[in-house]
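# Examination of the molecular architecture
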Amino acid sequence: MYTTPWCGYCHRLKSQLDREGIAFDIVDIEQDPSATKIVESANNGNQTVPTLVYSDGTAQTNPSLAQVKAKIAELASA
């Protein structure tokens, strides 16, 4: 999950994923310039977080918990 420390949407999604037992890595785009480029690439040049990038290379921006779970299920069945 690409995030910033001050992002309320990021904090909410992190809490939801933690409650569901869904593992994820956190990358603070303010501390990692290469991460900023990844987020901008996924969001038409914008630094919009949370941005999740999955093992298949696809990304979701500010997804709901249901969207994340659906994507994980899709990847598991592939």
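See the structure shown above.
Before going into details, it helps to say that this report is about the structure given with it. Since we're looking at a predicted model, the values are computed, not measured.

Quick notes on the rules
- Throughout this document, residue positions are counted from 1 along each chain, in the order its sequence is written.
- Local features are withheld for residues below a pLDDT of 70 in this predicted model, meaning they are given only at 70 or higher, and side-chain atom pairs are given and counted only at 80 or more; totals for whole chains, interfaces and linings count all residues.
- Side-chain metrics in this entry use all non-hydrogen atoms of the structure; hydrogen atoms and water are not considered.
- Helix and strand assignments come from DSSP, with helices taken as H or I runs of at least 4 residues and strands as E runs of at least 2, each series counted from the N terminus.
- The atom set for the radius of gyration is the C-alpha atoms, and the globule formula is 2.2 Å times the number of residues raised to the power 0.38.
- The contact rule is simple, with two residues in contact once any of their heavy atoms fall within 4.5 Å.
- In short, Shrake-Rupley with a 1.4 Å probe defines the accessible areas, and a residue's cover is counted only from the protein chains shown.
- Under this rule, positive means Lys or Arg and negative means Asp or Glu; His and the chain ends count for nothing.
- Lysine's charge is taken at NZ, arginine's at CZ, aspartate's at CG and glutamate's at CD.
- By definition here, a helix of n residues has an expected span of 1.5 Å times n minus one.
- Think of it in three bands: with a 1.4 Å probe and only protein chains considered, a residue is buried below 20% of the maximum accessible area for its type, exposed above 50%, and partly exposed in between.
- Our arc is simply the arc of the directions from the helix axis toward the C-beta atoms.
- Throughout this description, the term salt bridge denotes a Lys or Arg side-chain nitrogen within 4 Å of a carboxyl oxygen of Asp or Glu.
- Only protein atoms enter the 1 Å grid used here. Points where a 1.4 Å probe fits but cannot escape make up a cavity, open sets with protein on both sides within 12 Å along at least five of seven lines make up a pocket, and a residue lines them when an atom lies within 4 Å of a point.
- Grid points are joined across faces, edges and corners, and a volume is the space filled by probe spheres set on the points.
- Here the term charged refers only to Asp, Glu, Lys and Arg, the term nonpolar to Ala, Val, Leu, Ile, Met, Phe, Trp, Tyr, Cys and Pro, and the term polar to all other amino acids, Gly among them.

### Structural notes on the overall build of the chain
Helix and strand counts for the chain stand at three helices and four strands. Order of helices (α) and strands (β) in the chain, N terminus to C terminus: β-α-β-α-β-β-α. The C-alpha radius of gyration of the chain comes to 12 Å, within 12% of the 12 Å expected for a compact globule of 78 residues. With respect to the three principal axes, the spread of C-alpha positions in the chain is 35 × 25 × 15 Å. Summarising the internal contacts of the chain: among those between residues at least 6 apart in sequence, 43% fall at separations of at least 24. Looking at the chain as shown, the accessible area adds up to about 4800 Å², and 50% of this sits on carbon and sulfur atoms. If the 6 positive side-chain charges of the chain are averaged to one point and the 9 negative ones to another, these points end up 6 Å apart.

### As for helix 1 (residues 8–20)
Look at helix 1: 19 Å from first C-alpha to last across 13 residues, which is about the 18 Å you get at 1.5 Å a residue. Taken together, the buried positions of helix 1 are occupied by C10, L13, K14, Q16 and L17. Burial along helix 1 is one-sided: seen end-on, the buried residues are contained in an arc of 165 degrees. Among the exposed residues of helix 1, those pointing more than 90 degrees away from its buried face are D18 and R19. Immediately downstream of helix 1, the backbone of G21 shows phi near 75 degrees, a positive value.

### Details of the pattern of salt bridges
Applying the stated criterion across every chain yields a total of three salt bridges. We note a salt bridge from E20 to K69, for which the minimum N-O separation is 3.0 Å. Remark: K69 occurs in helix 3 (residues 65–77) and E20 occurs in helix 1; sequence separation between them is 49 residues. E20 sits in the partly exposed class, given a relative accessible area of 40%. Assessed through its relative accessible area of 38%, K69 is described here as partly exposed. Taking the shortest distance from any N to any O, the salt bridge between E74 and K71 comes out at 3.1 Å. Of the two residues, E74 and K71 both sit in helix 3, three residues apart, roughly one turn of that helix. Accessibility expressed as a relative area gives 45% for E74, which makes it partly exposed.

### Points about the layout of surface pockets
Taken as a whole, the largest pocket encloses approximately 230 Å³ of empty space. What lines the largest pocket is a set of 13 residues, among which M1, A23, F24, D25 and V53 lie closest to the centre. Counting residues per element, the ones that place at least two in the lining of the largest pocket are strand 3 (51–53) and helix 3. In the lining of the largest pocket, the residues fall into twelve nonpolar, no polar and one charged.

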